[in-house]
Amino acid sequence: MFVKLAKQSLISRRTSVLLTVLAITISVFVLLSVEHIRHQAKQSFNRTVSGVDLIVGPRTSQINLLLSSVFRIGDSSNAISQSSVEDLASHPMVSWVVPIALGDSHKGHRVMATTADYFQYFKFGAKQPLTFKQGKVFKQHFDLVLGADIAQKYGYELGKEIVLSHGTGVTSFTHHEQTPFTVVGILNRTGTPVDQTLHVSFEGLHHMHEEPQNEERAHEEHDHEEHSHEEHAQEGDEAAVEHDHDHKVSAVFVGLKARFASLVMQKWANDYKGEALSAIMPGVALSQLWRMVGSVETVLQVISILVLITTLIGLSTMLLATMRERTKEIAILRVLGASPMFIFMLIELEVFVITFIGCIAGALLLWITLLAAEPLLASQLGLFIDTNPISETSLLVLVFVLVGSLVMGLIPAINAYRHSLQANLTAR
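Owing to the predicted nature of the structure, the values given are computational and were not obtained by experimental measurement.

### Details of the overall build of the chain
Here comes step 1: Summing up its helical and strand segments, the chain has 14 helices and 13 strands in all.
Here comes step 2: Out of the 428 residues belonging to the chain, those deemed buried represent 44%.
Here comes step 3: Within the chain, counting contacts between residues at least 6 apart in sequence, those at least 24 apart form 79% of the total.

Set out below in structure tokens:
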């Protein structure tokens, strides 16, 4: 009878109840969204790279170098030369180097040129290595290794020919159609920007960019056979300059023989005479990045809590506003033998039911939103968010909301308790 009374009472006031449920749904959605995305973003950032002691690149800030090299966010206006990479690799404290080059794309996804050592030394999470779901590492010039998400999104399989585009935008007007790449490997999912990256060799990248120049040069040689031997030598010099330009890289992942060498190598990079270099420790740069967004995170948490408090106050106000309408209802319940405590618990049960429905609806709305936003967050921001909103943290948040609603529900419940006492005195 207790539950049936609460059910009928809520149904009789369904319009105001539905509006209150909607308000709670939105506030719970905001609160869970901030907490879930904050937690997932931090995990996503921290697991992106491990096993790399230093990242060396052109002179820039730590954050810019980290975002461009690891998260593929933004573009580096400068690059470092192959000679600098060779000097770095030959340093006695360096165990291995993996150069990378960025600048091209495929349907908005980044293309990264690197060496076969990348698949051996680059790690993510708790020093987990990259593994292949299908195929193998590239060996030929126009071989290509796909990240898991790209293969799944477009249905690419081994042997598929893919045309790369110039630039990093979703829409490109320059496609390298004369040099398609063939998929020879597909990586297992890592939950990092690797899943959204197409991997090619430096040789393939160079040949892809040189191909139009070679064709143009061949036509010029065919149409101008009267060119002198000296002019041909000059063209060879220009080609050498272009080839040297192609060897510039965006950044270098570095493994050291000893961890204490990190500071030494940072100083080496800062003092390097060949060109202006920067060297960052990924862990330190990640901490600095998180501190930068920490204040924003706190502001969002405060705002979401204030939204929730406002909604709970609205819930209490709605129930108080209906007390006058429910005076006769309370009097009848008292005549039928209901105690003041029964009336008190009835109001608290209604508060619990309204809040519980709002919590479930808010969590469901967040789940649907995460499913829709996951591809966009991954491709545009390099953030890999778990679409399951239920975790220990989210459950604690929901418990907090339910307890908070019961506390705010004490106001209308006590009011109903007093009305029931007055109704008892009037009956006497």
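### Focus on the packing of helix α10 (residues 282-321) against helix α13 (residues 392-408)
Here comes step 1: In the contact formed by α10 and α13, the axes pass within 9 Å of each other and the chain directions differ by 40 degrees. The angle between α10 and α13 falls in the class oblique. With respect to the hand of their crossing, α10 and α13 are arranged in right-handed fashion. Between α10 and α13, the contacting residues are Leu308, Leu312, Ile313, Leu315 and Ser316 on the first element and Phe400, Val401, Gly404, Ser405 and Met408 on the second.
Here comes step 2: Of the residues assigned to the contact of α10 with α13, the class counts are seven nonpolar, three polar and no charged.

### Section: unusual backbone geometry
Here comes step 1: Within the chain, Arg72 stands out as a residue other than glycine whose phi angle is a positive 55 degrees.
Here comes step 2: The residue Arg72 is located in the loop between α3 (62-69) and α4 (82-89) in this model.
Here comes step 3: Assessed through its relative accessible area of 10%, Arg72 is described here as buried.

### Describing the environment of Ser420
Here comes step 1: Tracing the chain through its elements places Ser420 in helix α14 (residues 410-427).
Here comes step 2: As for Ser420 and Phe342, which are separated by 78 residues in sequence, their C-alpha atoms are 9.6 Å apart.
Here comes step 3: Dropping the residues within four chain positions of it, Ser420 is found in contact with Ile330, Arg334, Pro340 and Ile343.

### Details of empty space enclosed by the protein
Here comes step 1: Per the stated rule, a full pass over the model turns up one cavity of 30 Å³ or more.
Here comes step 2: Counted as a void, the largest cavity has a volume near 60 Å³.
Here comes step 3: Forming the walls of the largest cavity are Leu32, Glu35, His36, His39, Gln40, Ser391, Thr393 and Ser394.
Here comes step 4: Put simply, the parts of the chain that give the lining of the largest cavity at least two residues each are α2 (14-46) and α13.

### Structural notes on the confidence of the model for the chain
Here comes step 1: The predicted model of the chain has a mean per-residue pLDDT of 81, with 85% of residues at 70 or higher.
Here comes step 2: Element-level mean pLDDT values for the chain span from 42 in helix α8 (residues 229-246) up to 97 in strand β7 (residues 143-146).
Here comes step 3: Within the model, the stretch residues 213-246 combines pLDDT values under 50 with 12 contacts to residues more than four positions away or in other chains.

### Considering the environment of Leu300
Here comes step 1: Among the secondary structure elements, Leu300 is positioned in helix α10.
Here comes step 2: Classification of Leu300 as partly exposed rests on a relative accessible area of 41%.
Here comes step 3: When the C-alpha atoms of Leu300 and Glu35 are compared, they prove to be 9.1 Å apart, with 265 residues separating the residues in sequence.

### Brief notes about the layout of surface pockets
Here comes step 1: Of the voids in this model, the second largest pocket is the one considered here, and its volume is about 320 Å³.
Here comes step 2: In terms of lining, the second largest pocket is formed by 13 residues, of which the most central are Ile37, Arg38, Ala41, Glu297 and Leu300.
Here comes step 3: Looking at the lining of the second largest pocket, the elements with two or more residues in it are α2 and α10.
Here comes step 4: Tallied by class, the residues present in the lining of the second largest pocket amount to 10 nonpolar, one polar and two charged.

### A closer look at the packing of aromatic side chains
Here comes step 1: Within the structure shown, the criterion is met by 10 aromatic pairs.
Here comes step 2: An angle of 20 degrees between the planes, with centres 5.0 Å apart, marks the rings of Tyr118 and Phe122 as stacked.
Here comes step 3: With a centroid separation of 5.5 Å and an interplanar angle of 25 degrees, the aromatic rings of Tyr154 and Tyr156 are classed as stacked.
Here comes step 4: Assessed through its relative accessible area of 25%, Tyr154 is described here as partly exposed.
Here comes step 5: Grouping aromatic residues by their ring pairs yields a cluster made of Tyr118, Phe119, Phe122, Phe132, Phe138 and Phe253.

### Description of the pattern of salt bridges
Here comes step 1: Counted by the stated rule, this structure contains three salt bridges.
Here comes step 2: Note that Arg259 and Asp53 form a salt bridge whose closest N and O atoms lie 3.6 Å from each other. Here the residue Arg259 occupies a position in the loop between β12 (251-256) and α9 (261-270), and Asp53 occupies one in the loop between α2 and β1 (54-58), the gap between them amounting to 206 residues.
Here comes step 3: You can call Arg259 exposed: its relative accessible area is 64%.
Here comes step 4: The class for Asp53 is buried, based on a relative accessible area of 16%.
Here comes step 5: Residue Asp149 is joined to Arg189 by a salt bridge in which the shortest nitrogen-to-oxygen separation is 3.1 Å. With a gap of 40 residues between them, Asp149 in helix α6 (residues 148-154) and Arg189 in the loop between β10 (181-187) and β11 (198-201) connect regions that are remote in the sequence.
Here comes step 6: Assessed through its relative accessible area of 46%, Arg189 is described here as partly exposed.

What counts, and at which threshold
- Residues numbered from 1 in each chain as written.
- Predicted model: local features only at pLDDT ≥ 70, side-chain atom pairs only at ≥ 80, totals over all residues.
- Heavy atoms only, no water.
- Helix = DSSP H or I, 4+ residues; strand = E, 2+ residues; numbered from the N terminus.
- Buried < 20%, exposed > 50% of the residue type's maximum accessible area, 1.4 Å probe, protein only.
- Contact = heavy atoms within 4.5 Å.
- Axes fitted to C-alpha atoms, helices over the stretch in contact; angles between N-to-C directions.
- Parallel < 35°, antiparallel > 145°, perpendicular 65-115°, else oblique.
- Left-handed = near helix turned anticlockwise from the far one by under 90°.
- Nonpolar A, V, L, I, M, F, W, Y, C, P; charged D, E, K, R; others polar.
- 1 Å grid on protein atoms, 1.4 Å probe; cavity = no way out; pocket = protein on both sides within 12 Å on 5 of 7 lines; lining within 4 Å.
- Points joined across faces, edges and corners; volume = space filled by probe spheres on them.
- pLDDT = per-residue confidence, 0-100.
- Phe/Tyr/Trp six-rings, centres within 6.5 Å; stacked < 30°, edge-to-face > 60°.
- Salt bridge = Lys/Arg side-chain N within 4 Å of Asp/Glu carboxyl O.

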